[in-house]
Amino acid sequence: MWFAFDAAGTLFYCLLCIVSAFAFFHSKASLHDCDLRQTRTYAGLLMLLTTAIAGAYFASNLAVTWIFLEATTLCSAGIIYHRRTAQALEAAWKYVFVCSTGIAMAYLGILLLAAATDCESLDYATVAAAAPGGSALYLKTAFLLILCGYSCKAELFPLYTVGVDANFAAPAPASALISTGLVNAGFLALLRVYKLLAATEVFPWVKSVLLLVGVLSLVVGALFLRRTNNYKRFLSYSTVENMGIAAIGLGIGGIGVWAALFHVFCHTLIKSSLFLQMAVVRQVYDSYRINRIGDYIRINRVGAVGLLTGMDGVTGAAALTYGHDCHNLTVYGGNDADMALAANTLRDAQGGLCTAENGKVLTLIPLPLAGLMCDLPPEVLLEQMEQLL
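Calculation rules
- Residues numbered from 1 in each chain as written.
- Predicted model: local features only at pLDDT ≥ 70, side-chain atom pairs only at ≥ 80, totals over all residues.
- Heavy atoms only, no water.
- Salt bridge = Lys/Arg side-chain N within 4 Å of Asp/Glu carboxyl O.
- Helix = DSSP H or I, 4+ residues; strand = E, 2+ residues; numbered from the N terminus.
- Buried < 20%, exposed > 50% of the residue type's maximum accessible area, 1.4 Å probe, protein only.
- Axes fitted to C-alpha atoms, helices over the stretch in contact; angles between N-to-C directions.
- Left-handed = near helix turned anticlockwise from the far one by under 90°.
- Contact = heavy atoms within 4.5 Å.
- Nonpolar A, V, L, I, M, F, W, Y, C, P; charged D, E, K, R; others polar.
- Core = buried A, V, L, I, M, F, W, Y, C linked by side-chain atoms within 4.5 Å.
- Parallel < 35°, antiparallel > 145°, perpendicular 65-115°, else oblique.
- Pairing = 2+ DSSP bridges.
- Expected span 1.5 Å × (residues − 1).
- Polar contact = N/O pair within 3.5 Å; in protein donor to acceptor, adjacent residues only side chain to side chain.
- Patch = residues over 30% accessible without salt bridge, like charges linked within 9 Å, V, L, I, M, F, W, Y side chains within 5 Å.
- Areas by Shrake-Rupley, 256 points an atom, 1.4 Å probe, with all protein chains shown as cover.
- Lys, Arg positive; Asp, Glu negative; His and termini not counted.

Enquirer: Is there a simple way to explain the pattern of salt bridges in this structure?
Expert: Counted under the stated rule, the structure contains four salt bridges. In this structure, arginine 192 and aspartate 6 form a salt bridge, with 3.0 Å as the shortest nitrogen-oxygen distance. Here arginine 192 is found in helix H8 (residues 172-196), whereas its partner aspartate 6 is found in the segment before helix H1 (7-30), with 186 residues between them in sequence. Classification of aspartate 6 as partly exposed rests on a relative accessible area of 27%. Across the pair arginine 233 and aspartate 165 runs a salt bridge, and its minimum N-O distance is 3.1 Å. Within this pair, whereas arginine 233 is found in helix H10 (residues 231-252), its partner aspartate 165 is found in helix H7 (residues 161-169), the two being separated by 68 residues in sequence. Arginine 233 sits in the partly exposed class, given a relative accessible area of 22%. For aspartate 165, a relative accessible area of 15% corresponds to the buried category. Overlapping salt bridges bring together Lys94, Asp165 and Arg233 as one network.

As structure tokens, this is what we get:
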């Protein structure tokens, strides 16, 4: 049998159905300026991508999983190039090249795994039964190749960059599917290889490698989160960070595996919602720049609340008294400590704008005159605003 309906595959498939339904619905608004040919191409590729992802979820064979993940590369590349811009073309070619390289590495890992276990069939159950008798060196090398290869799909270190560029170039509804449904396919493929090595002598080493990859992904994602001024790139690096947390869960093992699955489940619902909201933001502002949507709460209150709620998992906090609707203090962030620090800092400053992270005040612009104005020279205020943004 090439397919099996296991619990993990069924769970991710249910999530895929939810995300893809909303992605198709929101795509209608994103395609309003496209001709009929572009619309048909986009819709067809999105359906093929959804089908390929579903095939990867239910594949019970290493080779079948590889085939469906390779198919997602071709479908995703066409979607990335949807806008027909030079930037989209560059992202599409980069996606094809890096993913093809990664998938080729994974293929070599699968061949090495088959050689190490001396299996005629690449069925997961068959390979798992034979794996304990395989060569430790071969098993380690095979796992490294598969992990590096599938990292382009799971958006983990080292090939995470291709997913960031893909989500940036693709239409936001498609990014919602790529950053969750497709990422889950890569994660599930790694999870199944992880499980078939669980009874081997190299399993402690496998967990250590996943811990290292998870930490590196977490660090890289967190570093780039603070350097981008584009919401889609921000959400993409957040995916790298969150998948790093999931990899750490696998590295811990035991209850950590369940924690990793729960984390991926929550990430799928929240991240897809944020990308879909980005589609609405682009319709309003024709931009994804973070510093351009300061008044979004006045234009779309429900959407703005959704964005703030979805960003609750992001570290840090911000507070401001510059709000003409309420003339009061507004605080938002990802943890109570930073939110309290930002709010108390503004209380002491008698109003203004403040950002805080990890227990430290990052920026403060005092507005002591009714919480709306200051007596600083224009050039000083401009410098502080640039630092804040």
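Enquirer: Looking at this structure, how should I read the packing of H7 against H10?
Expert: Between two packed helices, what matters for the description is the angle formed by their axes and the separation of those axes. In contact at an axis separation of 9 Å, H7 and H10 are set at 145 degrees when each is read in the N-to-C sense. Pair H7 / H10 crosses with right-handed handedness. Between H7 and H10, the contacting residues are Val164, Asp165, Asn167 and Phe168 on the first element and Lys232, Arg233, Ser236, Tyr237 and Val240 on the second. By residue class, the composition of the contact of H7 with H10 is four nonpolar, two polar and three charged.

Enquirer: Just to check I follow, could you spell out the nonpolar core for this structure?
Expert: Burial of nonpolar side chains together is a common tendency in soluble globular proteins. Core analysis: the biggest nonpolar cluster contains 79 residues, and Leu113, Tyr150 and Phe187 have the highest contact counts within it. Considering every element that reaches this core, the biggest residue donor is H8, with 14 residues. Those residues in contact with tyrosine 150 that lie beyond four places of it in its chain are Leu62, Thr65, Trp66, Leu69, Ile103, Ala106, Ile110, Ala189 and Leu190. By size, the runner-up hydrophobic cluster in this structure holds 17 residues, among which are Ala172, Leu274, Phe275 and Ala279.

Enquirer: I'm lost on the packing of H1 against H8 in this one. Help?
Expert: Where H1 contacts H8, the axes come no closer than 8 Å and their chain directions differ by 165 degrees. Put simply, H1 runs roughly antiparallel to H8. When the axes of H1 and H8 are compared, the crossing they make is left-handed. Together, Ala8, Gly9, Phe12, Leu16, Val19, Ser20, Ala23, His26, Ser27 and Ser30 of H1 and Pro173, Ala176, Leu177, Thr180, Gly181, Asn184, Phe187, Leu188 and Arg192 of H8 make up the contact between the two elements.

Enquirer: Mind showing me how you'd approach unusual backbone geometry here?
Expert: Following phenylalanine 157, the chain continues into proline 158 via a peptide bond in cis, with omega recorded as 15 degrees. Look at arginine 84: it is not a glycine, yet its phi comes out positive at around 60 degrees. Here arginine 84 is to be found in the loop between helix H3 (62-80) and helix H4 (86-117). The partly exposed category is assigned to arginine 84, whose relative accessible area is 41%.

Enquirer: Would you take a moment to explain the pairing of strand S3 (residues 352-357) for this structure?
Expert: A regular strand places its side chains so that they alternate between the two faces of the sheet. S3 sits mainly inside the fold: six of its six residues count as buried. Residues Gly352, Cys354 and Ala356 line one face of S3 and the alternating positions Leu353, Thr355 and Glu357 line the opposite face, and both faces are buried. By the bridge criterion, six bridges tie S3 to strand S4 (residues 360-366) in an arrangement that is antiparallel. Considered in S4, the bridge of glutamate 357 is made with lysine 360.

Enquirer: Would you mind showing me how to read the environment of isoleucine 245 here?
Expert: Tracing the sequence through the fold places isoleucine 245 in helix H10. Assessed through its relative accessible area of 34%, isoleucine 245 is described here as partly exposed. When sequence neighbours within four positions are dropped, the list of residues in contact with isoleucine 245 reads Leu218 and His263.

Enquirer: Would you explain H3 in this entry?
Expert: For an α-helix, the turn length of 3.6 residues means that residues three or four places apart are oriented alike. Over its 19 residues, H3 extends 27 Å from the first C-alpha to the last, a length consistent with the 27 Å expected when each residue adds 1.5 Å. Regarding H3, the residues found buried are Leu62, Val64, Thr65, Leu69, Thr72, Thr73, Cys75, Ser76, Ala77, Ile79 and Ile80. Tucked into the core, H3 has its buried residues touching helix H2 (36-58), H4, helix H5 (124-130), helix H6 (136-154), H7 and H8. The N-capping residue of H3, defined by a side-chain oxygen 2.8 Å from the backbone nitrogen of alanine 63, is asparagine 61.

Enquirer: How should the environment of alanine 169 be read in this particular structure?
Expert: Mapped onto the fold, alanine 169 is located in helix H7. With relative accessibility at 11%, the residue alanine 169 sits in the buried group. When the C-alpha positions of alanine 169 and glutamate 90 are compared, they lie 9.2 Å apart, and in sequence the two are 79 residues distant. Setting aside chain neighbours within four positions, we find alanine 169 in contact with Ile80, Arg83, Ala88 and Ala91.

Enquirer: What should I look at first to understand a nonpolar patch on the surface in this one?
Expert: On the surface, Ile18, Phe22, Leu269 and Ile270 cluster together into a nonpolar patch covering about 340 Å² of accessible area. Those elements that provide at least two residues to the nonpolar patch are H1 and helix H11 (255-285). When you line up the elements, isoleucine 270 lands in helix H11. The partly exposed category is assigned to isoleucine 270, whose relative accessible area is 42%.

Enquirer: What should I look at first to understand the side chain of lysine 232 in this one?
Expert: Locating lysine 232 in the fold gives a position in helix H10. Buried and without a salt bridge, lysine 232 has aspartate 165 as its closest oppositely charged side chain, separated by 11 Å. Reaching out from lysine 232, the side chain makes a polar contact with the side chain of serine 175 at a distance of 3.4 Å.

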